[in-house]
Amino acid sequence: MNLVIDRERLLSEIETLASFSDAQPPAVTRIIFTPTDLRARAWLKEHCEGAGLEVRQDAIGNTFARWSGSDAAAPVVGTGSHIDAIPNAGKYDGIVGVLGGLEAIRALRRSGFRPKHSIELLVFTSEEPTRFGIGCLGSRLLSGTLSADAAAKLTDGDGASVEQVRLAAGFTGELAEVKLANGYYKAFLELHIEQGPILEREHVPLGLVTHIAAPATLRVSIEGSGGHAGAVLMPDRSDALCAAAELILSVENAARNSGATDSVATVGTCDVFPGAVNSIPSRVRLSVDIRDTELHRRDAVIEKIEAASRTILEKRGISIRTELLNADPPADCASAIVDALAQSCKKHGMNFLPMVSRAYHDSLFMARIAPMAMLFIPCRNGYSHRPDEFASPGDIARGALVLAETLCRLSV
Ligand SMILES: [Zn+2]
């Protein structure tokens, strides 16, 4: 079998898809179910059909493009990613996995290969949380992580619900039918840019993901009492920001002392009320992002933060409320797929690095219903979610080639 990636065509398709954008080039903005997104989807559907694939779309707009295998009843080998882009993003995040997946399938067809298991390209709806405030909307529904009822009620910044917006965009049918049956997939494999600096720094062209870390988000509200910065003497104060300062250091310590470098915790926002130079802060709101590759360790970090807040509350006589906004479990990649990826790399003489995905992806949710793995390619300086995001043509072609080779191994 002679697998050849049509690099020029793949690169020109990446450029074309980037032109469906609500931002000035090179920036790309493509928010889910906007007219621009719908035009991009139509273009992509046409290209999938042009490649001889059979396209279906579910009620939330997840798009499946199938190359039927010789055993139509056998579980599917899936690949894919997303094409939505946050405001002012680049042209590779998600796109490399979608158009690279399409080119991998075309390369397999050109080679004369005939799969036993059907191979499907999957384009997820709304991996980015931009419009509805929740990431991975499509894959959460596919995996049953989010119920149809809960999804339908999510609203965008204008108060329009998912239900209204998806119907207006032409995606009818029942949201409850989006969930895939267990056993639908034999394997699911996502090609993606690394969005971090490791592959570039190590001069290794491919990363084989073994674990996907998952975030938990805490919202912390601290209530003290305010007053005049001159008139209230120190023994009489309940300064909410001083309590927050202690808590922020406890967050750092909880992650640093977890016993593993995979534990990370970040206080990313801190809102101070009333926020005046001569006023004692009465109220502070913090957001805390905690991630790990091991669920028990991540939860232990959360418990330490909660224990610290109880200690600070007692010591300072103020109120601290912590609220867990989300806590998705991390996922392990399927060793059989990682092995297939490693064999494919070896066959084509390519070096690779086992690694952890510290950003999360639709594959995190697909792991709940399918054996899953991810393949990373380098991106310049690790930049992503910005207009100067860049992956080199050679790296993109290598990723598509190893993806094609691995889809072949998994689908016989
Ligand atoms: Zn992505």
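What comes next is a walk through the structure.

Calculation criteria
- Residues numbered from 1 in each chain as written.
- Predicted model: local features only at pLDDT ≥ 70, side-chain atom pairs only at ≥ 80, totals over all residues.
- Heavy atoms only, no water.
- Helix = DSSP H or I, 4+ residues; strand = E, 2+ residues; numbered from the N terminus.
- Buried < 20%, exposed > 50% of the residue type's maximum accessible area, 1.4 Å probe, protein only.
- Contact = heavy atoms within 4.5 Å.
- Salt bridge = Lys/Arg side-chain N within 4 Å of Asp/Glu carboxyl O.
- Expected span 1.5 Å × (residues − 1).
- Donors = N, O, S within 2.8 Å, 3.2 Å for Na, K, Ca; no water.
- Core = buried A, V, L, I, M, F, W, Y, C linked by side-chain atoms within 4.5 Å.
- Phe/Tyr/Trp six-rings, centres within 6.5 Å; stacked < 30°, edge-to-face > 60°.
- Pairing = 2+ DSSP bridges.
- Axes fitted to C-alpha atoms, helices over the stretch in contact; angles between N-to-C directions.

**Looking at the environment of Leu142**
Inference 1: With respect to the helices, strands and loops of the structure, Leu142 is situated in helix 4 (residues 137–142).
Inference 2: Exposure remark for Leu142: the relative accessible area of 0% places this residue in the buried category.
Inference 3: When the C-alpha atoms of Leu142 and Lys179 are compared, they prove to be 4.0 Å apart, with 37 residues separating the residues in sequence.
Inference 4: Aside from chain neighbours lying at most four places away, what touches Leu142 is Asp58, Asn62, Phe64, Leu122, Phe124, Val178, Lys179, Leu180, Met366 and Ile369.

**Some thoughts on the pattern of salt bridges**
Inference 1: Going through the model one piece at a time under the given rule, you end up with 24 salt bridges.
Inference 2: We note a salt bridge from Arg291 to Asp289, for which the minimum N-O separation is 2.8 Å.
Inference 3: You can call Asp289 partly exposed: its relative accessible area is 21%.
Inference 4: Between Arg321 and Glu323 there is a salt bridge whose closest N-O contact spans 3.9 Å.
Inference 5: A single salt-bridge network, built from bridges that share partners, covers Arg9, Glu13, Glu103, Arg106 and Arg110.

**A word on helix 10 (residues 335–347)**
Three or four residues apart is the spacing at which side chains of an α-helix point the same way, because the helix has 3.6 residues per turn.
Inference 1: Taking 1.5 Å of rise per residue, 13 residues should cover 18 Å, and helix 10 covers 18 Å from first to last C-alpha, within 8% of that figure.
Inference 2: On its buried side, helix 10 packs onto strand 7 (185–193), strand 8 (206–212), strand 16 (352–357), strand 17 (372–377) and helix 12 (393–411).
Inference 3: Of the residues flanking the end of helix 10, it is Gly349, one or two places downstream, whose phi is positive at about 65°.

**Observations concerning the coordination of the zinc ion**
Inference 1: All of the protein donors around the zinc ion are His82 (NE2), Asp93 (OD) and His192 (NE2); their distances to the metal are 2.0 to 2.3 Å.
Inference 2: One chain supplies every donor to the zinc ion, and in sequence these donors are spaced H-x10-D-x98-H. Taken as a pair, His82 in strand 4 (residues 76–82) and Asp93 in the loop between strand 5 (85–89) and helix 3 (95–110) lie far apart in primary sequence, 11 residues in all.

**Comments concerning the nonpolar core**
General note: in soluble globular proteins, nonpolar side chains tend to be found buried as a group.
Inference 1: Judged by nonpolar contacts, the single largest core of 75 residues is most densely connected at Leu99, Leu108 and Ile396.
Inference 2: With 10 residues, helix 12 is the single largest residue contributor to this core.
Inference 3: What Leu99 contacts, discounting residues up to four positions off in sequence, is Leu10, Glu13, Ile14, Leu17, Trp43 and Leu44.
Inference 4: If you look at the next biggest cluster of nonpolar residues, it comprises 31 residues, including Ala148, Ala152, Phe171 and Ala370.

**What about unusual backbone geometry?**
Inference 1: Here Pro25 and Pro26 are connected by a cis peptide whose omega angle stands at 5°.
Inference 2: The linkage connecting Phe273 with the following residue, Pro274, adopts the cis geometry, with an omega of 0°.
Inference 3: A positive phi angle, near 60°, is found at Cys136, a position not held by glycine.
Inference 4: Note that Cys136 resides in the loop between strand 6 (119–124) and helix 4.
Inference 5: Note on Cys136: relative accessible area 1%, which makes it buried.
Inference 6: A positive phi angle is found at Gln195, which is not glycine, with a value near 65°.

**Re the packing of aromatic side chains**
Inference 1: Scanning all chains against the criterion turns up 8 aromatic pairs.
Inference 2: When the centroid spacing of 6.2 Å and the interplanar angle of 80° are considered together, the rings of Trp67 and Phe113 count as edge-to-face. In this pair, Trp67 sits in strand 3 (residues 63–67) while Phe113 sits in the loop between helix 3 and strand 6, placing the two residues 46 residues apart along the sequence. A single burial state applies to Trp67 and to Phe113, both of which are buried.
Inference 3: With centroids separated by 6.2 Å and ring planes inclined at 70°, the aromatic side chains of Tyr360 and Phe365 adopt a geometry described as edge-to-face.
Inference 4: On the basis of relative accessibility, which here comes to 1%, the residue Phe365 falls in the buried class.

**Quick notes on the sheet that holds strand 11 (residues 264–273)**
Inference 1: Strand order in the open sheet formed by 4 strands is 11-13-9-14, with antiparallel pairing between adjacent strands. The outermost strands of the open sheet, each flanked by one partner alone, are strand 11 and strand 14 (319–327). Going across the sheet, the axis of each strand differs from the next one's by a mean of 15°, ignoring polarity.
Inference 2: Against the sheet, helix 9 (residues 295–316) touches strand 9 (214–223), strand 13 (283–292) and strand 14, its axis set at about 155° to strand 13.

**Quick word on the pairing of strand 4**
Inference 1: The element strand 4 is largely enclosed, with a buried count of 7 among its 7 residues.
Inference 2: The alternating pattern of strand 4 places Val76, Gly78, Gly80 and His82 on one face and Val77, Thr79 and Ser81 on the opposite face, and all of these are buried.
Inference 3: Bridge count for strand 4 against strand 7 is 4 bridges, and the pairing is parallel. Across the sheet, the residue bridging to Gly78 is Phe188, located in strand 7.
Inference 4: Where strand 4 lies against strand 6, 6 bridges are found, and the strand directions are parallel. Across the sheet, Gly80 pairs through a bridge with Leu122, a residue of strand 6.

**Thoughts on the side chain of Asp328**
Inference 1: Mapped onto the elements of the fold, Asp328 is located in the loop between strand 14 and strand 15 (331–332).
Inference 2: Classification of Asp328 by relative accessible area gives buried; the value is 7%.
Inference 3: Once residues within four sequence positions are removed from consideration, Asp328 is found in contact with Arg140, Ala214, Pro215, Arg298, Leu364, Phe365 and Arg368.

Note that every value here comes from positions in space, so none of it alone points to a role or purpose.
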